[in-house]
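A look at the structure
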Amino acid sequence: MIVGNWKCNMRLDTAFRLTDDICQRLGEVEGIDVVLCPPFVYLATVESVITMSNIRLGAQDVHWEDDVAATGEVGPRQLEELCDYVIIGHSERRHALGETDDAVNRKVKAALAANLQPIMCVGETLEEREAGQMETILVGQIHGGLDGVEIPDGFVIAYEPVWAIGTGRAATADDAEGAIAIVRREVSGMFGAAKAETARVLYGGSVTPDNIAQFLDRETIDGGLVGGASLKVDVFCGIVEEALRLRA
Ligand code: PGA
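Below you will find a few notes about this structure. What you see is a predicted model; the values in this text were computed from it and never measured.

1. Details of the overall build of the protein chain
What the protein chain contains, in helices and strands, is 11 helices and 8 strands. Relative to its length of 248 residues, the protein chain is compact, with a C-alpha radius of gyration of 17 Å against a globular reference of 18 Å. Projected onto its principal axes, the C-alpha positions of the protein chain cover 45 × 45 × 35 Å. In the protein chain, which comprises 248 residues, the share counted as buried stands at 52%. Of the contacts formed within the protein chain by residues at least 6 apart in sequence, a portion of 72% connects residues at least 24 apart. Here the protein chain displays about 11,100 Å² of accessible surface, and carbon together with sulfur accounts for 47% of that area. In the protein chain, 21 side chains carry a positive charge and 40 a negative one; their mean positions are 2 Å apart.

Laid out in structure tokens, this is it:
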């Protein structure tokens, strides 16, 4: 699975063109879920372009309720009309906007109830890693985010160390694998080994066409969550093509 997280980038014309270019190159992609996550305002445009392709659509956040007085929010049933996926708990929301594990938990529950597949993000900061707290942080985020949730098969979690996001300094495959082992162990403890086996765990943080293979080569890493490198057609398609090459 390769997910492009456009964050707060693009204009209407560039969003349209990038989607169109990706569809021309990867529209018939098979064996890998390719998901584009544009800003809310471009969801409908992107959806209209990918409609005949195998590319899937995701949002970057969701509110935990529908049909309420919540100015500026977008509810799960509104998103479900357009999207299959939604990113929840991205570190930029946790750290810049104060999103808590409790909010993540409510959003995951609401998304699942509306038939949206969450892509739940977890990851430690550099300070936390250097203080030896990575495991505690990941355990807290997994339990906090998934408490009382019944995860479906194929549930998606993205491990994104905060220090690797947008820095050009990706984690090593060993670091990513070590953290993902903790994620899988906790999911297994909460939901059973069989369910954990089906979970898809992605790595995110400065993924490029040149380093994606080192992550996908590891059996426990099921894909990538891609930020900066998802904004250029050649770079994003290069990542997906590399993933396809490894699968072949
Ligand atoms: P990046 O962002 O690829 O630009 O590091 C990843 C993310 O934040 O999802």
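2. As for the site of the ligand
Residues in close proximity to the ligand total 13 residues, the closest being K7, H90, E160, G166 and S206. Measuring from an oxygen atom of the ligand, one finds a side-chain N or O atom of H90 at 2.6 Å. One of the backbone nitrogen or oxygen atoms of G227 is found 2.8 Å away from an oxygen atom of the ligand. In isolation the ligand offers 280 Å² of accessible surface; the protein chains occlude 96% of this area. Taken together, the residues that form the shell around the ligand break down as 4 nonpolar, 7 polar and 2 charged.

3. Details of the sheet that holds strand β1 (residues 2-5)
Adjacent strands of a sheet pair through backbone hydrogen bonds, lying either parallel or antiparallel. Here 8 strands make up a closed barrel; going around it, the order is β1-β2-β3-β4-β5-β6-β7-β8 and the pairing parallel. Strand-to-strand twist across the sheet, computed as the mean angle between neighbouring axes with direction ignored, equals 25 degrees. Examined bridge by bridge, strand β5 (residues 117-122) and strand β6 (residues 156-159) share 4 bridges and lie parallel to one another. In the sheet register, I119 faces β6, and the bridge partner there is V156. Across the sheet, helix α2 (residues 43-50) touches β2 (34-37) and β3 (56-59), and the angle it forms with β3 is around 170 degrees. Contacts from helix α7 (residues 134-146) reach β5 and β6, with the element oriented near 155 degrees to β5.

4. Overview of the pattern of salt bridges
Scanning the model with the defined rule gives 22 salt bridges in all. Taking the shortest distance from any N to any O, the salt bridge between R200 and D33 comes out at 2.7 Å. On the criterion of sequence distance, the pair formed by R200 in strand β7 (residues 200-204) and D33 in the loop between α1 (12-26) and β2 is long-range, its members being 167 residues apart. Members of the salt-bridge network, linked through shared partners, are D61, R93, E99 and K107.

5. Side note on the packing of aromatic side chains
For any pair of aromatic rings, geometry is given as the distance between the ring centres together with the angle between the planes. Overall, the coordinates contain 1 aromatic pair when judged by the stated rule. Pairing Y203 with F215 gives two aromatic rings, centres 4.1 Å apart and planes at 15 degrees, and the pair type is stacked. Separated by 12 residues along the polypeptide, Y203 in strand β7 and F215 in helix α10 (residues 212-216) bring together distant segments of the chain. According to the relative accessible area criterion, F215 is buried, its value standing at 0%. Cation over ring: R106 sits above W64, and NZ or CZ is 4.4 Å from the ring centre.

6. Some thoughts on the pairing of β1
A regular strand carries its side chains on alternate faces of the sheet. Residues of β1 alternate between two faces, with I2 and G4 on one and V3 and N5 on the opposite face, all of them buried. Where β1 and β2 come together, 4 bridges link them in parallel fashion. Within β2, the residue paired with I2 across the bridge is V34. Where β1 meets strand β8 (residues 223-226), 3 bridges bridge the pair, whose relative direction is parallel. The partner of G4 across the bridge, within β8, is V226.

7. With respect to the pairing of β7
Most of β7 is tucked away: 5 of the 5 residues are buried. On β7, burial covers both faces: R200, L202 and G204 on one face and V201 and Y203 on the other are all buried. Where β6 and β7 come together, 4 bridges link them in parallel fashion. Paired with Y159 across the strands is Y203, a residue of β7. Across 3 bridges, the pairing between β7 and β8 is parallel. Within β8, the residue paired with L202 across the bridge is G223.

8. Digging into the environment of A158
Its place among the elements puts A158 in strand β6. Under the relative-accessibility criterion, A158 is labelled buried at 0%. Taking the C-alpha atoms as reference points, A158 and V183, separated by 25 residues in sequence, lie 9.5 Å from one another. For A158, the residues in contact, after removing those within four places along its chain, are I119, M120, C121, V122, L202 and L225.

What counts and what doesn't
Chains are numbered independently. Their residues run from 1 in the order of the written sequence. With the structure being a predicted model, the display of local features is reserved for residues of pLDDT at least 70 and the display and counting of side-chain atom pairs for 80 or more, all residues being used for whole-chain, interface and lining totals. Here the side-chain values reflect all heavy atoms present in the structure, with hydrogen atoms and water set aside. Going along the chain from the N terminus, every DSSP run of H or I of four or more residues is numbered as a helix, and every run of E of two or more is numbered as a strand. The atom set for the radius of gyration is the C-alpha atoms, and the globule formula is 2.2 Å times the number of residues raised to the power 0.38. The cut-offs for exposure are 20% and 50% of the maximum accessible area for each residue type, with area from a 1.4 Å probe on protein chains only; residues under the lower value are buried, those over the upper are exposed, and the others partly exposed. Whether two residues touch is decided by their heavy atoms; if any such pair falls within 4.5 Å, the residues are in contact. With residues, only the protein chains shown are counted as cover, and all accessible areas are computed by Shrake-Rupley using a 1.4 Å probe. This count recognises Lys and Arg as positive and Asp and Glu as negative, with His and chain-terminal groups excluded. A charged residue contributes its charge at one atom only: NZ of Lys, CZ of Arg, CG of Asp or CD of Glu. One heavy atom within 4 Å of a molecule or strand makes the whole residue count as near it. By the criterion applied in these results, polar contacts are pairs of N or O atoms within 3.5 Å in which, for protein atoms, one can donate a hydrogen and the other can accept it, and in which residues neighboring in sequence qualify only through two side-chain atoms. Residues are sorted three ways: Asp, Glu, Lys and Arg are charged, Ala, Val, Leu, Ile, Met, Phe, Trp, Tyr, Cys and Pro are nonpolar, and all the rest, Gly among them, are polar. Note: two strands are recorded as paired if DSSP finds a minimum of 2 bridges between them. Only the stretch in contact is used when fitting a helix axis, every axis being a line fitted to C-alpha atoms; angles between N-to-C directions are given from 0 to 180 degrees. The salt bridge criterion pairs a side-chain nitrogen of Lys or Arg with a carboxyl oxygen of Asp or Glu, the two atoms within 4 Å. By convention, a stacked pair of Phe, Tyr or Trp rings (six-membered ring in the case of Trp) has centres within 6.5 Å and planes under 30 degrees apart, an edge-to-face pair has planes over 60 apart, and any other such pair is tilted. When the NZ atom of lysine or the CZ atom of arginine is within 6 Å of a ring's centre and also within 35 degrees of its normal, the charge is said to sit over that ring.

Purely spatial values, then, with no claim about function.
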